[in-house]
Amino acid sequence: SFKIEAQFDASLETLARGARTATIVITDSTRPCPDHLLVEAIVGRLNNAGIPDDRITLLIAIGMHRGSTDAERLEKLGPELVRRCRVEDSAATDETLQVDFGVTPAGVPARVDRRAAEADLLISTGIVEPHQYAGFSGGWKTVGIGSAGSATISVLHGMAYLEHPRVRLAQTEENPFLE
């Protein structure tokens with residue numbers, strides 16, 4: 001069974017203590033999020049916790065969108081973060097860069113980008129707003145869809161989900177896309 005766990009009672013520095021690596025999954029240029037502000041603050045706190053820049057990956061969750069350009073990375077993150085940290089796009093179509101977690105009880109292949117799945121500490125950013133399928137975007141969706149493998153994305157964007165009566169804007173109760 002799959003379970004998403006979050007810790008809300010600890011500071012980022014506490015969560016990062018002992019971690020050797022961190023991946024921050026950010027939205028791509030199709031999503032308006034002030035990542036240059038958020039990620040700069042997060043990286044600073046990770047540095048304070050002992051994770052150096054060269055062990056921090058900024059993973060752009062492109063899902064099945066096109067790859068990001070250098071100009072988009074600079075605009076999204078600013079030149080300082082692009083210089084300091086490794087910035088890479090997720091790879092939905094490259095199975096060698098994914099971790100296969102099997103299949104969910106609903107039959108969805110659970111594949112996530114290796115750089116997210118294998119990090120000692122995983123963080124995501126994103127704007128939380130109503131989403132036409134997931135109920136709301138941001139948070140889990142940035143990782144679970146944005147850095148998912150194409151098999152996962154294809155099933156979740158297939159007609160069985162898109163036509164389901166509980167897969168709707170701002171719908172979180174019994175939404176199979178969200179589940």
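Heads up: the structure comes first, above all this text.
As a starting point, this report considers the structure included with it. Since the model is a prediction, treat every value here as computed from it, not as a measurement. (Residues numbered from 1 in each chain as written. Predicted model: local features only at pLDDT ≥ 70, side-chain atom pairs only at ≥ 80, totals over all residues. Heavy atoms only, no water.)

A look at the overall build of the chain
Thought 1: Assigned secondary structure in the chain consists of eight helices and eight strands.
Thought 2: Taken over C-alpha atoms, the radius of gyration comes to 16 Å for the chain, in line with the 16 Å a tight globule of 179 residues would show.
Thought 3: Across its three principal axes, the chain shows a C-alpha extent of roughly 45 × 35 × 30 Å.
Thought 4: In the chain, which comprises 179 residues, the proportion classed as buried is 42%.
Thought 5: For the chain, restricting intrachain contacts to residue pairs at least 6 apart in sequence, the fraction spanning at least 24 positions comes to 67%.
Thought 6: Working note: accessible area of the chain is about 9700 Å², and carbon and sulfur atoms make up 53% of it.
Thought 7: Distance between charge centres in the chain, computed from 18 positive and 25 negative side chains, equals 2 Å. (Helix = DSSP H or I, 4+ residues; strand = E, 2+ residues; numbered from the N terminus. Rg over C-alpha atoms; globule rule 2.2 N^0.38 Å. Buried < 20%, exposed > 50% of the residue type's maximum accessible area, 1.4 Å probe, protein only. Contact = heavy atoms within 4.5 Å. Areas by Shrake-Rupley, 256 points an atom, 1.4 Å probe, with all protein chains shown as cover. Lys, Arg positive; Asp, Glu negative; His and termini not counted. Charge placed at Lys NZ, Arg CZ, Asp CG, Glu CD.)

Side note on the nonpolar core
Thought 1: In this structure, I24, V39, V43, L46, I56, L58 and L121 are the most contacted members of the largest nonpolar core, which totals 22 residues.
Thought 2: Going through the elements one at a time, helix 1 (12-16), strand 1 (22-27), helix 2 (35-48), strand 2 (56-61) and strand 6 (121-124) are the ones with two or more residues in this core.
Thought 3: Ranked by residue count, the leading element in this core is helix 2, at four residues.
Thought 4: Those residues within four positions of L46 in sequence are excluded, and the remaining contacts are L12, A16, A22, I24, I51, I56, L121 and I123.
Thought 5: Counting seven residues, the second largest nonpolar core, distinct from the first, contains A134, L156, Y161 and V167. (Core = buried A, V, L, I, M, F, W, Y, C linked by side-chain atoms within 4.5 Å.)

Some remarks on helix 2
Thought 1: Under the 1.5 Å per step criterion, the end-to-end length of helix 2 is 19 Å for 14 residues, consistent within 8% with the ideal 20 Å.
Thought 2: Of all the positions in helix 2, only D35, V39, I42, V43 and L46 are classed as buried. In a view along the axis of helix 2, the buried residues occupy a sector of 100°, so they form one face of it. Among the exposed residues of helix 2, those pointing more than 90 degrees away from its buried face are L37 and N48.
Thought 3: Turning to helix 2, the residues buried within the fold contact helix 1, strand 1, strand 2, helix 3 (70-77), helix 4 (79-84) and strand 6. (Expected span 1.5 Å × (residues − 1). Arc of directions from axis to C-beta.)

Some points on the side chain of D28
Thought 1: Relative to the assigned elements, D28 resides in the loop between strand 1 and helix 2.
Thought 2: For D28, the side chain forms a polar contact with the side chain of T30, separated by 2.5 Å.
Thought 3: If we skip the residues at most four places from it in the chain, D28 touches I60, A61, I62, H65 and K76. (Polar contact = N/O pair within 3.5 Å; in protein donor to acceptor, adjacent residues only side chain to side chain.)

Remarks on unusual backbone geometry
Thought 1: In this structure, A170 is a non-glycine residue whose phi angle is positive, near 65°.
Thought 2: Following the sequence through the fold, A170 ends up in the segment after helix 8 (159-162).
Thought 3: Since its relative accessible area comes to 39%, A170 is described here as partly exposed.

Points about the pattern of salt bridges
Thought 1: As enumerated under the stated definition, the model contains twelve salt bridges in all.
Thought 2: Notably, a salt bridge pairs E72 with R66, separated by 2.5 Å at the nearest N-O pair.
Thought 3: The class for E72 is buried, based on a relative accessible area of 17%.
Thought 4: You can call R66 exposed: its relative accessible area is 53%.
Thought 5: Between D89 and R73 there is a salt bridge, with the nearest N and O atoms lying 3.4 Å from each other. (Salt bridge = Lys/Arg side-chain N within 4 Å of Asp/Glu carboxyl O.)

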